[in-house]
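The primary structure of each chain is shown beneath.
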Amino acid sequence: MHVPALVLRGECDYKHWEVTREYRDTLPGARLLYVPGAGHAIAVDQPAAYRAAVLAFLTGAPLPGAPYTGADDPAKR
């Protein structure tokens with residue numbers, strides 16, 4: 001069974017990058033959005049970006065950014 005999934009990752013999240021990547025890679029068809037200027041509490045740190053991403057995902061609209069498909073932590077690029 002395929003269930004759409006959206007994984008959000010804040011630039012300054014305290015969780016290890018590998019945890020986020022594992023969520024994305026384990027859930028079939030999951031899309032990962034990287035949120036600059038946010039920590040683990042994306043809804044608090046970047047509420048407009050959080051709301052836009054969740055609303056777009058739930059309504060089937062285009063996401064407000066390109067999903068991140070890389071293997072390496074985008075914060076370390």
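Look up: the structure comes first, before these words.
The text that follows walks through the structure, step by step, so that each part is easy to find.

## Describing the overall build of the chain
- Within the chain one finds three helices and two strands.
- The helix and strand sequence of the chain, counted from the amino end, reads β-α-β-α-α.
- Here the C-alpha atoms of the chain give a radius of gyration of 12 Å, agreeing with the 11 Å that 2.2 N^0.38 yields for 77 residues.
- With the C-alpha coordinates of the chain rotated into their principal frame, the extents come out at 30 × 25 × 20 Å.
- Considering only residue pairs separated by 6 or more positions, the chain has 65% of its internal contacts joining residues 24 or more positions apart.
- Summed over all atoms, the accessible surface of the chain reaches about 5100 Å², with 58% contributed by carbon and sulfur.

## As for the side chain of Arg-9
- Examined against the element boundaries, Arg-9 turns out to sit in strand S1 (residues 6-10).
- Although Arg-9 is buried, it forms no salt bridge, and the closest oppositely charged side chain is Asp-13 at an N-O distance of 4.2 Å.
- Engagement of the side chain of Arg-9 in a polar contact is seen with the backbone oxygen of Lys-15, the distance being 3.0 Å.

## Topic: the packing of aromatic side chains
- All chains considered together, the criterion is met by one aromatic pair.
- Taking the centre distance of 5.8 Å and the plane angle of 75° together, the rings of Trp-17 and Tyr-68 count as edge-to-face. Here Trp-17 is found in helix H1 (residues 17-26), whereas its partner Tyr-68 is found in the segment after helix H3 (47-59), with 51 residues between them in sequence.

## Quick word on the nonpolar core
- By size, the foremost hydrophobic cluster in this structure holds six residues: Ala-5, Val-7, Trp-17, Ala-30, Leu-32 and Tyr-68.
- Sequence-distant contacts of Val-7, that is, excluding residues within four places in its chain, are made with Thr-20, Tyr-23, Arg-24, Ala-30, Arg-31, Leu-32 and Leu-33.

## Brief notes about the environment of Ala-30
- Along the chain, the position of Ala-30 falls in the loop between H1 and strand S2 (31-35).
- Sequence separation between Ala-30 and Cys-12 is 18 residues, and the spatial gap between their C-alpha atoms is 21 Å.
- Setting aside residues up to four positions removed in sequence, Ala-30 forms contacts with Ala-5, Val-7, Tyr-23 and Arg-24.

## A few points about a nonpolar patch on the surface
- A cluster of nonpolar side chains, Val-19, Tyr-23 and Leu-27, forms an exposed patch at the surface whose accessible area comes to about 270 Å².
- You can see Tyr-23 is positioned in helix H1.

## Looking at H3
- Taking 1.5 Å of rise per residue, 13 residues should cover 18 Å, and H3 covers 18 Å from first to last C-alpha, within 8% of that figure.
- Those residues of H3 lying buried are Ala-53, Ala-56 and Phe-57. Projected onto a plane normal to the axis of H3, the buried residues spread over an arc of 100° and lie on a single side. Relative to its buried face, H3 has exposed residues pointing more than 90 degrees away, namely Ala-48, Arg-51, Leu-58 and Thr-59.
- The inward-facing, buried residues of H3 contact S1 and S2.

What counts, and at which threshold
Residues numbered from 1 in each chain as written. Predicted model: local features only at pLDDT ≥ 70, side-chain atom pairs only at ≥ 80, totals over all residues. Heavy atoms only, no water. Helix = DSSP H or I, 4+ residues; strand = E, 2+ residues; numbered from the N terminus. Rg over C-alpha atoms; globule rule 2.2 N^0.38 Å. Contact = heavy atoms within 4.5 Å. Areas by Shrake-Rupley, 256 points an atom, 1.4 Å probe, with all protein chains shown as cover. Buried < 20%, exposed > 50% of the residue type's maximum accessible area, 1.4 Å probe, protein only. Lys, Arg positive; Asp, Glu negative; His and termini not counted. Salt bridge = Lys/Arg side-chain N within 4 Å of Asp/Glu carboxyl O. Polar contact = N/O pair within 3.5 Å; in protein donor to acceptor, adjacent residues only side chain to side chain. Phe/Tyr/Trp six-rings, centres within 6.5 Å; stacked < 30°, edge-to-face > 60°. Core = buried A, V, L, I, M, F, W, Y, C linked by side-chain atoms within 4.5 Å. Patch = residues over 30% accessible without salt bridge, like charges linked within 9 Å, V, L, I, M, F, W, Y side chains within 5 Å. Expected span 1.5 Å × (residues − 1). Arc of directions from axis to C-beta.

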